[in-house]
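# Structure at a glance
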Amino acid sequence: MPAWICETCAVQHADTLEPPAICEICSDERQYVGWQGQRWTTMDELAAGHATVLRAEEPDLVGIGTEPAIGIGQRALLVRTPHGNVLWDAVPLLDEPARQRIAELGGIAAIGMSHPHFYAAHVEFADAFDARILIPRADEQWIRRPSKRIELFDDEVQPVPGVTLARIGGHFDGAAVLHWPAGSGGRGALLTGDTITVVQDRDWVSFMWSYPNLIPLDEATVTDIADRVSRFSFDRVYGGWWGRVVIADGAAAIRRSADRYVARLHGERPANQ
Ligand SMILES: [Zn+2]
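What this report covers is the structure whose coordinates are included nearby. (Residues numbered from 1 in each chain as written. Predicted model: local features only at pLDDT ≥ 70, side-chain atom pairs only at ≥ 80, totals over all residues. Heavy atoms only, no water.)

## Considering the sheet that holds strand β9 (residues 150-153)
- Pairing is mixed in the open sheet, where 7 strands are placed in the order β3-β4-β5-β6-β7-β8-β9. Of all strands in the sheet, those with a lone pairing partner are β3 (51-58) and β9, marking the two edges. When the angles between neighbouring strand axes are averaged without regard to direction, this sheet yields 25 degrees.
- Here strand β5 (residues 76-79) pairs with strand β6 (residues 86-88) via 3 bridges, running antiparallel. Each bridged residue has a counterpart across the sheet, and for L78 the counterpart in β6 is L87.
- Where helix α3 (residues 96-104) meets the sheet, its contacts fall on β3, β4 (61-67) and β5, and the angle it forms with β3 comes to roughly 30 degrees.
- Those strands touched by helix α4 (residues 122-129) are β6, β7 (110-112), β8 (132-136) and β9, and its axis lies near 145 degrees from that of β8. (Pairing = 2+ DSSP bridges. Helix = DSSP H or I, 4+ residues; strand = E, 2+ residues; numbered from the N terminus. Axes fitted to C-alpha atoms, helices over the stretch in contact; angles between N-to-C directions. Contact = heavy atoms within 4.5 Å.)

Have a look at this one:
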């Protein structure tokens, strides 16, 4: 039996005889059902026309994506540490060349993800490398492919010593970030996926209930997100797509972006506009 993959969000579901009637991820108001209706594929079908690609982001950080892009098109990140590697977010395809390359890089000890839209093929990655899967209890309802490897956590957990996976909330109640103190030359990096999204002007970030449907968050939640990450020391912010990176001064970028967001909610515009 194949593990069904939704063509729109690319989240892998359980390996049932028939695909589910609907994708609960895409039926939620934060996503959307594809314009052609609900469609399903499998990893074997994806492998026929796509490849898993790995590219260095900085020392000990490797981006993992699929080409051509599948579903939402995110790229995952492999954080290498002396205590084992952490896969941050997941992509829908793990092909054999990528599996071999990840093994050469030290494999995967644990997997943490920013939010359910990026759960993708995390169980396949975990099975391939005997990895733990850490999911916030607040998002337990969004688990589409059950696995004995899944461990639920409440607010904070260290997937490997020195690296912190923290529930921040906002986009989903369990939306999380990964703090990697060794990143950015020891100044620290925050891996955020869509919990805090790096926008086109890469000196800024944003925060949304829904990105494709452009549904904003409220003032209290945006302020809370900025407050919650202020306990971490970091310079660089890695969003969920290739190139979506705040290169430096990321902590200040998050604070000023939250302040701007709240100002616009209050109807305040920049001077002279
Ligand atoms: Zn879906």
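Past the structure itself, the notes keep going.
## A closer look at a positive patch on the surface
- On the surface, a cluster of positive charge is contributed by R256, R260, R264 and R269.
- In this structure, R260 sits in helix α7 (residues 250-265).
- Judged by relative accessible area, which is 35%, R260 ranks as partly exposed. (Patch = residues over 30% accessible without salt bridge, like charges linked within 9 Å, V, L, I, M, F, W, Y side chains within 5 Å. Areas by Shrake-Rupley, 256 points an atom, 1.4 Å probe, with all protein chains shown as cover. Salt bridge = Lys/Arg side-chain N within 4 Å of Asp/Glu carboxyl O. Lys, Arg positive; Asp, Glu negative; His and termini not counted. Charge placed at Lys NZ, Arg CZ, Asp CG, Glu CD. Buried < 20%, exposed > 50% of the residue type's maximum accessible area, 1.4 Å probe, protein only.)

## Observations regarding the environment of L93
- Looking at the secondary structure, you find L93 in the loop between β6 and α3.
- Classification of L93 by relative accessible area gives buried; the value is 1%.
- C-alpha separation for the pair L93 and W40, spaced 53 residues apart in sequence, amounts to 14 Å.
- If near-sequence neighbours (up to four positions away) are discounted, L93 is found in contact with M43, L46, A47, H50, A51, T52, T66, I70 and F125.

## Remarks on the coordination of the zinc ion
- Within the protein, the zinc ion binds to C6 (SG), C9 (SG), C23 (SG) and C26 (SG); these donor distances fall in the range 2.3 to 2.4 Å.
- Between the 4 donor atoms coordinating the zinc ion, the angles at the centre fall across 105 to 118 degrees, so the site counts as tetrahedral.
- Each donor residue of the zinc ion lies on one chain, and together they are spaced C-x2-C-x13-C-x2-C. Taken as a pair, C23 and C26 share a single burial class, namely buried. (Donors = N, O, S within 2.8 Å, 3.2 Å for Na, K, Ca; no water. Tetrahedral: all angles 85-135°; square planar, octahedral: opposite > 155°, others 65-115°.)

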